[in-house]
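The residues making up each chain are set out below.
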Amino acid sequence: MVHWVVMGWIAAQTAAGGGAEVRALEREALAGHPTLRAADEQIDALGHAVPASWVWPDTVVGTEYSNMPILTPWPGNHPMSGVQLKVTQKVPFPTKFWARADAAEAARDAAVPLRAEAAGQIVGRVRGLVLQWQRLSVLAGVTAQHRAAVAQMLDVVRVKYELGRVEQHELIRLEVLRDRLDDDHRELIDKRRAVEALLNAAAQRPAGTPLDVPADIAVPDQAELDVATLLEEARAHRPLLAAMRESATAERAQAGAMRAEMWPDVTAWAGYRVRLPSGADPGNNFVSAGIAVPIPWSSALWQWEERAQAHDAKARAEDARRAGAELSLRGEIEAATVRYRRARERARVYDEQLLPGAQKTLEAAFASYQVDRAGFADLFAAELTVLDFERVACEARAEAAAAAIALDVLTGRTVPTPDEGAAR
């Protein structure tokens, strides 16, 4: 008998050979990615605020043409007249420099996990698109092989029809099935091209670049599926949560900087007055010096303290936002583990139990049909059952792989190392 049944198309797929190609796509996607470059520039911009926080206020140099008589406004016409040169310097309270620097460093550090989160999302998107491409490839292969199988069935039925042993509607039903499989195959190929275009764009490759990835579905083995353990892993490694923690730390550092600002600065000055003789006054030059300290009775209690409390409130808001994110993460992780377990078990059941039985039924039905011991309806139903089972098995594997990718993204496993995620 002609071997036209699709024997183990899904079960024959393995994970070997696909990892290196996918990792290459991930590296291409991460290398110089605009999103990562933008994050780098943002971190760089915030980093410039750190040395700026140690800068002293500029020295003020002034000159004063003072105490001149209105009718004779030039030096020498009054003992108090003269030209004064003055230098003024504001001296900040020492603790302000450290508080400002701490706040600037904390703001910079809060932006670093956001870059890592963006890199992890890029890797997750690449893996998801690769999985879509592989799913469509497997379905296209299944459809093509069933199209060939139906064509062979048509040859047998056509001979019987010409001999007057079958009805015309049986021939027409197979032709319709063949044409439907032709259309399904074209649809899957077009969808695969669309996904390939998205993948090339995500990997920053020229449009139309062929994809060198095995056309199979590899289901990663998730050894740890305990929700509590996975949530702890997310708390430790997910950059999104780290960004929220760092953001709260930055807000508290800003609050500390605001409270440091309430300490008064000292303003010191020195002056030198140039004078000319006037009457009995010999016109000696004068020097002067002084300091001034504001009394922060209003700014300390209202301006700086209110600003500090505003930053404290923002820090509490970030803590609450992180708690909400952890709550959502717990639900998403648990949902992904349920999908993974069910999809993997379903794929196993179809691959190991249902598909072999359906294929044997189809082989037996085809053999019996050739010798007129089985009807066309039995053969047609057996063919549709195998086709449906193979598609279901493919979808189950794809869903299990998608759930595994989701778990990797949720727990931060897709975050690349500093070398892999370098954008410059």
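Residues numbered from 1 in each chain as written. Predicted model: local features only at pLDDT ≥ 70, side-chain atom pairs only at ≥ 80, totals over all residues. Heavy atoms only, no water.

### Quick word on the packing of aromatic side chains
Geometrically, a pair of aromatic rings is defined through the distance of the ring centres and the angle of the planes. As enumerated under the stated definition, the model contains seven aromatic pairs in all. Here Phe 93 and Trp 263 contribute two aromatic rings whose centre-to-centre distance is 5.2 Å and whose plane-to-plane angle is 20°, an arrangement assigned as stacked. Taken together, the residues Phe 93 in the loop between strand E2 (82–91) and helix H3 (94–162) and Trp 263 in the loop between helix H6 (239–261) and strand E3 (266–274) connect sequence positions 170 residues apart. Members of the aromatic cluster, joined through ring pairs, are Trp 54, Trp 56, Phe 97 and Trp 98. Across from the ring centre of Tyr 369, 3.8 Å away, lies the NZ or CZ of Lys 160, which sits over that ring. Over the face of the ring belonging to Phe 380 we find Arg 173, whose NZ or CZ atom lies 4.2 Å from the ring centre. (Phe/Tyr/Trp six-rings, centres within 6.5 Å; stacked < 30°, edge-to-face > 60°. Helix = DSSP H or I, 4+ residues; strand = E, 2+ residues; numbered from the N terminus. Lys NZ or Arg CZ within 6 Å of the ring centre and 35° of its normal.)

### Observations concerning unusual backbone geometry
As a rule of thumb, non-glycine residues mostly have phi less than zero, and peptide bonds are mostly trans rather than cis. Backbone geometry places Gln 204, a non-glycine residue, at a positive phi of 60°. Among the secondary structure elements, Gln 204 is positioned in the loop between helix H4 (168–202) and helix H5 (227–237).

### Examining the nonpolar core
General note: in soluble globular proteins, nonpolar side chains tend to be found buried as a group. One finds Leu 25 and Leu 174 to be the most contacted residues of the largest nonpolar core, which totals 58 residues. Elements supplying a minimum of two residues to this core: helix H1 (19–30), H3, H4, helix H7 (299–370) and helix H8 (376–411). Listed in part, the 18 residues of the second largest apolar core include Val 227, Leu 230, Leu 231 and Leu 410. (Core = buried A, V, L, I, M, F, W, Y, C linked by side-chain atoms within 4.5 Å. Buried < 20%, exposed > 50% of the residue type's maximum accessible area, 1.4 Å probe, protein only.)

### Points about the packing of H3 against H8
At a closest axis distance of 10 Å, the pairing of H3 and H8 adopts a crossing angle of 170°. Considered as vectors, H3 and H8 are oriented roughly antiparallel to each other. Looking at the contact of H3 with H8 residue by residue, the class counts come to 17 nonpolar, five polar and seven charged. (Axes fitted to C-alpha atoms, helices over the stretch in contact; angles between N-to-C directions. Parallel < 35°, antiparallel > 145°, perpendicular 65-115°, else oblique. Nonpolar A, V, L, I, M, F, W, Y, C, P; charged D, E, K, R; others polar.)

### Observations regarding the confidence of the model for the chain
Summing up the model confidence of the chain, the mean pLDDT is 87 and the portion of residues at 70 or higher is 94%. Contacts from residues 1–17, a stretch scored under 50 in pLDDT, to residues over four places away or in other chains number 43 contacts. (pLDDT = per-residue confidence, 0-100. Contact = heavy atoms within 4.5 Å.)

### Some words on the sheet that holds strand E1 (residues 60–66)
Spatial ordering of the open sheet is given by E1-E2-E3-E4, a layout of four strands whose pairing is antiparallel. Across the chains shown, the open sheet's two edge strands, defined by having one partner strand only, are E1 and strand E4 (286–292). For this sheet the average axis-to-axis angle between neighbouring strands, irrespective of direction, equals 20°. As defined by bridge partners, E3 adjoins E4 across seven bridges and the pair is classed as antiparallel. Bridge assignment links Ala 268 to a residue of E4, and that residue is Ile 291. (Pairing = 2+ DSSP bridges.)

### A few points about a nonpolar patch on the surface
Side chains of Leu 85, Tyr 272, Val 274 and Val 287 sit close together on the surface and give an oily, nonpolar patch of about 370 Å² of accessible area. Topologically, Leu 85 is positioned in strand E2. Among the residues examined, Leu 85 registers a relative accessible area of 46% and is labelled partly exposed. (Patch = residues over 30% accessible without salt bridge, like charges linked within 9 Å, V, L, I, M, F, W, Y side chains within 5 Å. Areas by Shrake-Rupley, 256 points an atom, 1.4 Å probe, with all protein chains shown as cover. Salt bridge = Lys/Arg side-chain N within 4 Å of Asp/Glu carboxyl O.)

### Observations regarding H8
With 36 residues, H8 extends 53 Å between its outermost C-alpha atoms, agreeing within 8% with the 52 Å of an ideal straight helix rising 1.5 Å per residue. Positive backbone phi, at 85°, marks Gly 412, one or two positions downstream of H8. (Expected span 1.5 Å × (residues − 1).)

### Focus: the pattern of salt bridges
Considering all chains together, one arrives at 30 salt bridges under this definition. A salt bridge links Asp 179 to Arg 178; its shortest N-O distance comes to 3.3 Å. As a salt-bridge pair, Arg 193 and Asp 190 come within 2.7 Å of each other at their nearest N and O atoms. On the criterion of helical spacing, the pair formed by Arg 193 and Asp 190 is a turn pair, its members being three residues apart in helix H4. The class for Asp 190 is partly exposed, based on a relative accessible area of 44%. Residues joined in a network through salt bridges with shared partners are Glu 232, Arg 235, Arg 252, Asp 319, Arg 322 and Glu 326.

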